[in-house]
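# Fold and contact review
Each chain is listed here by its residues.
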Amino acid sequence: MAYNQTPSAAQALDILLTGNQRFVAGDPQHPNQDAARRAALAPGQHPFAVVFGCSDSRLAAEIIFDRGLGDLFVVRTAGHVLGPEVLGSIEYGAGQLGCPLVVVLGHDACGAIRAARTALAEGLAPSGYVRDVVERVTPSVLTARAAGLSEEADIVDEHIRHTVDLLQNRSPALVGGHAAVVGLSYHLGDGRVRLVTSRGLDGVAAA
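Report follows, based on the coordinates. (Residues numbered from 1 in each chain as written. Predicted model: local features only at pLDDT ≥ 70, side-chain atom pairs only at ≥ 80, totals over all residues. Heavy atoms only, no water.)

What follows deals with the pairing of strand β5 (residues 193-199). β5 sits mainly inside the fold: five of its seven residues count as buried. Sheet topology places strand β4 (residues 180-186) next to β5; six bridges connect them, and they run antiparallel. Looking at the pairing, Gly 183 lines up with Thr 197 of β5. Hairpin connection of β4 to β5: six residues between the antiparallel strands, including Gly 191 at a positive phi of 85 degrees. (Buried < 20%, exposed > 50% of the residue type's maximum accessible area, 1.4 Å probe, protein only. Helix = DSSP H or I, 4+ residues; strand = E, 2+ residues; numbered from the N terminus. Pairing = 2+ DSSP bridges.)

Turning our attention to the pattern of salt bridges. If you walk through the whole model with that rule in mind, you get 11 salt bridges. A salt bridge links Asp 157 to Arg 194; its shortest N-O distance comes to 3.0 Å. Here the residue Asp 157 occupies a position in helix α7 (residues 152-170), and Arg 194 occupies one in strand β5, the gap between them amounting to 37 residues. Accessibility expressed as a relative area gives 11% for Asp 157, which makes it buried. (Salt bridge = Lys/Arg side-chain N within 4 Å of Asp/Glu carboxyl O.)

The next point concerns the side chain of Ser 185. Relative to the helices and strands, Ser 185 resides in strand β4. Every residue in contact with Ser 185, bar those within four places of it in the chain, is listed here: Gly 106, His 107, Val 156, Asp 157, Ile 160, Arg 192, Val 193, Arg 194 and Val 196. (Contact = heavy atoms within 4.5 Å.)

If you trace the backbone, Thr 77 turns up in strand β2 (residues 72-77). Residue class for Thr 77 comes out buried when judged on its relative accessible area of 15%. Excluding its chain neighbours within four sequence positions, the residues that come into contact with Thr 77 are Phe 52, Gly 53, Cys 54, Ser 55 and Val 86.

Spatially, the five strands line up as an open sheet ordered β2-β1-β3-β4-β5, and their pairing is mixed. Looking along the sheet, the strands with just one partner apiece sit at the ends: β2 and β5. Put simply, the sheet's adjacent strands are angled 20 degrees from each other on average, direction ignored. On the sheet, helix α1 (residues 9-25) packs against β1 (49-54), β2, β3 (101-107), β4 and β5 and is oriented at approximately 35 degrees with respect to β3. (Axes fitted to C-alpha atoms, helices over the stretch in contact; angles between N-to-C directions.)

In this model, helix α5 (residues 111-122) (12 residues) spans 16 Å end to end at C-alpha, consistent with the 16 Å of a helix rising 1.5 Å per residue. By the burial criterion, the buried members of α5 are Ala 112, Ile 113, Ala 116 and Ala 119. One side of α5 carries all its buried residues, which in axial view fall inside an arc of 125 degrees. Across from the buried face of α5, at angles greater than 90 degrees, the exposed residues are Ala 121 and Glu 122. (Expected span 1.5 Å × (residues − 1). Arc of directions from axis to C-beta.)

What follows is about the environment of Cys 54. Along the chain, the position of Cys 54 falls in strand β1. In this structure Cys 54 comes out as buried when scored by relative accessible area, which is 5%. When the C-alpha positions of Cys 54 and Val 104 are compared, they lie 8.6 Å apart, and in sequence the two are 50 residues distant. Residues in contact with Cys 54, not counting those within four places in the same chain, are Leu 59, Arg 76, Thr 77, Ala 78, Gly 79, His 80, Leu 105, His 107 and Cys 110.

These figures capture arrangement, not role.
Okay, structure coming up:
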C-alpha cells in the first residue's frame, strides 16, 4: 500500500502495529515489494517512520512489521546504542525525509544487555570495540538495578526507555517537534511488539 500523503505519527504507529499483527498471525501481505514499487521509488524516498533497532539478525524491521521498499528508514546498531553517526542518521530521517515517527526497537534475549550484565557481575569487560557497546548499555542495567529490577524483560524495557530519553536529550531536531518517538519491545518467540514508552504521541499509552 502506498500513501498519497505522509501519515501522522499516531497513524504511522498504527500501520506498524497492524503489520506486526499480520506477521504474528502468519498472514503477511508483503506490501510494496514488487517491481512497480521499486521503479516508483527510483527518483526518491518518502518513508513514514524511522526504525532504530538492535542489529540482531532476528529483528528485521520490514519483515516483523510487514512492510516493503521505501516504507521505513532503518538504522541499526548492537544493543541500539547511540553515537554521532546514529543520531545524524535518525535526524536525517526525521528532519530531511519528514518521517513523523521514530521507533526505538529493542528485544528480549539481547546479547548486548546480557554482556553488560556479565561484565558488571564479573568485573571484566570484553575487548575491542565490543567494549564500547557494553559500556553504553551499562547505564541502563545500573538504573534497573537501582530500581530493584532484576528480570531480563524489565532491564530490556529500561534500556529502551533510556535510549528514547537519550534521543530526545541529545537531538535538537527531535526535541524541536519533527517527530514523535516511541519505544517498542519485540518478543523473539511469538514475534509480537509491545509499546514500552512514547514521547510526543498524545493518547497512546504503554502496555
